[in-house]
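Structural description and commentary
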Amino acid sequence: VGMVFQQAYSVMRQFCQIGVDIFLFLSGFGIYHSLAKSNDVLPFYGKRFTRLFVPYIIVLIIWGIAQIFHNTTGGLRGFVYSYSLITFFLLGVLSEWYLAAIIPLYLISPWLVKYIDKKREGLYVLVSAAILLSFGFLLGEKACLGTKYEYAFSNVNDILIVRIPMFLTGI
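Residues numbered from 1 in each chain as written. Predicted model: local features only at pLDDT ≥ 70, side-chain atom pairs only at ≥ 80, totals over all residues. Heavy atoms only, no water.

1. Details of the overall build of the protein
Rules: Helix and strand assignments come from DSSP, with helices taken as H or I runs of at least 4 residues and strands as E runs of at least 2, each series counted from the N terminus. Burial status follows relative accessibility: with a 1.4 Å probe on protein chains alone, a residue under 20% of its type maximum counts as buried, one over 50% as exposed, and anything between as partly exposed. Residue contacts are defined here by distance: any two heavy atoms, one from each residue, within 4.5 Å place the two residues in contact. Methods summary: accessible areas were calculated by the Shrake-Rupley approach with a probe of 1.4 Å, and residue burial reflects only the protein chains presented.
Within the protein, the regular secondary structure consists of nine helices and zero strands. Each principal axis of the C-alpha atoms in the protein carries an extent, and together these give about 50 × 40 × 35 Å. Among the 171 residues that make up the protein, the fraction classed as buried is 35%. If you take every contact in the protein between residues at least 6 apart in sequence, the share linking residues at least 24 apart comes to 66%. A total accessible area of about 11100 Å² is found for the protein, and carbon and sulfur atoms account for 71% of it.

If you want it as structure tokens, here you go:
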């Protein structure tokens, strides 16, 4: 009976992941329309990063103060490292993966929109490139078997790379 519940939980958990894909699609869609209104890149970046980092830093300060009383992060240095967002790419840490993942997508968005606007078939090229990138990461993951990067490659591929086509479809 326990095995049935475990399998049902696993299926339900996978099904609920579709919310991330929907959010990535809507994010790409919103970015396209934002850049269609104004193609000025600096205000676009300013608005995106303000919306991302101001709430993140406020929550981090509150969380950091709470962590001081529990001393579970290895001090200030451990806390900063744990929540620096780079740990997703280097170690595969999933605590703040969405924010770490959306930043590179936001960084390349103006150029993606410009490319797609110039060539309508550009979307198909970009989605195909993202799929190939995912296969490349899968091969990289296999090449890293048994190394300290295996877990990070696996998580970045499973969590981010395979979802890039959904973001591009939104754009």
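2. A few points about the nonpolar core
Considering soluble globular proteins, one finds that nonpolar side chains tend to be buried as a cluster. For the record, the criterion: Side-chain atoms within 4.5 Å are what join buried Ala, Val, Leu, Ile, Met, Phe, Trp, Tyr and Cys residues into a set we call a nonpolar core.
Judged by nonpolar contacts, the single largest core of 37 residues is most densely connected at Phe 88 and Ile 102. Elements with a minimum of two residues in this core: α2 (18-37), α3 (41-70), α6 (97-118), α7 (122-143), α8 (150-159) and α9 (164-170). If one sorts the elements of this core by residue count, α6 sits on top with 11 residues.

3. Remarks on the packing of aromatic side chains
The way to describe two aromatic rings as a pair is by their centre distance and the angle between their planes. Let me state the cut-off plainly: Aromatic pairs are defined between Phe, Tyr and Trp rings, using the six-membered ring for Trp, whenever the two ring centres lie within 6.5 Å; interplanar angles under 30 degrees are classed as stacked, those over 60 as edge-to-face, and all others as tilted. Only Lys NZ and Arg CZ are tested; either one counts as a charge over a ring when it is within 6 Å of the ring centre and within 35 degrees of the ring normal.
A full pass over the atoms with the stated rule returns nine aromatic pairs. Summarising the aromatic geometry, the rings of Phe 88 and Trp 97 are spaced 6.4 Å apart at their centres and angled 40 degrees between planes, so their arrangement reads as tilted. Look at Phe 88 and you get buried, because its relative accessible area is 1%. For Trp 97, a relative accessible area of 16% corresponds to the buried category. Centre to centre, the rings of Trp 97 and Tyr 98 are 5.5 Å apart; their planes meet at 80 degrees, and the pair counts as edge-to-face. Grouping aromatic residues by their ring pairs yields a cluster made of Phe 23, Phe 88, Phe 89, Trp 97 and Tyr 98. Here Arg 48 stacks its cationic end above the ring of Tyr 106, 5.9 Å away from the centre of that ring.

4. Regarding α2
Note the cut-off: In this scheme, a helix's expected span is set at 1.5 Å multiplied by one less than its residue total. Along the arc lie the directions from the helix axis toward the C-beta atoms.
Taking 1.5 Å of rise per residue, the 20 residues of α2 would be expected to cover 28 Å, and the 29 Å separating its terminal C-alpha atoms lies within 8% of that figure. Listing the buried residues of α2 in full gives Val 20, Leu 24, Ser 27, Gly 28, Ile 31, Tyr 32 and Leu 35. Within α2, the buried residues cover an arc of 135 degrees as seen down the axis, which keeps them to one side. Pointing more than 90 degrees away from the buried face of α2 are the exposed residues Ala 36 and Lys 37.

5. Regarding the packing of α3 against α6
Stated formally: Between N-to-C directions, angles span 0 to 180 degrees; the directions come from axes that are lines fitted to C-alpha atoms, helices contributing only their stretch in contact. Orientation labels follow simple angle bins: below 35 degrees gives roughly parallel, above 145 gives roughly antiparallel, 65 to 115 gives roughly perpendicular, and whatever is left gives oblique. Think of it as three bins: nonpolar holds Ala, Val, Leu, Ile, Met, Phe, Trp, Tyr, Cys and Pro, charged holds Asp, Glu, Lys and Arg, and polar takes everything else, Gly as well.
It is at 10 Å that the axes of α3 and α6 come closest, and there the two elements cross at 170 degrees. Here α3 lies roughly antiparallel to α6, going by the angle between them. Taken together, the residues of α6 that come into contact with α3 (itself represented by Val 41, Phe 44, Tyr 45, Arg 48, Phe 49, Leu 52, Phe 53 and Tyr 56) are Leu 99, Ile 102, Ile 103, Tyr 106, Leu 107, Ser 109, Pro 110 and Trp 111. Across the contact of α3 with α6, the residue classes tally to 14 nonpolar, one polar and one charged.

6. A closer look at the packing of α2 against α6
Let me state the cut-off plainly: What makes a crossing left-handed is the near helix being turned counterclockwise from the far one by less than a right angle; a clockwise turn instead makes it right-handed.
As a packed pair, α2 and α6 sit with axes 10 Å apart at the nearest point and diverge in direction by 40 degrees. By the angle between their directions, the pair α2 and α6 is classed as oblique. The way α2 lies across α6 gives a crossing that is right-handed. Here Val 20, Phe 23, Leu 24, Ser 27, Ile 31, Tyr 32 and Leu 35 of α2 come into contact with α6, specifically with Trp 97, Tyr 98, Ile 102, Leu 105, Tyr 106, Ser 109, Pro 110, Val 113 and Asp 117. Broken down by class, the residue content of the contact of α2 with α6 amounts to 13 nonpolar, two polar and one charged.

In short, the description is geometric, and any link to function would need to be established separately.
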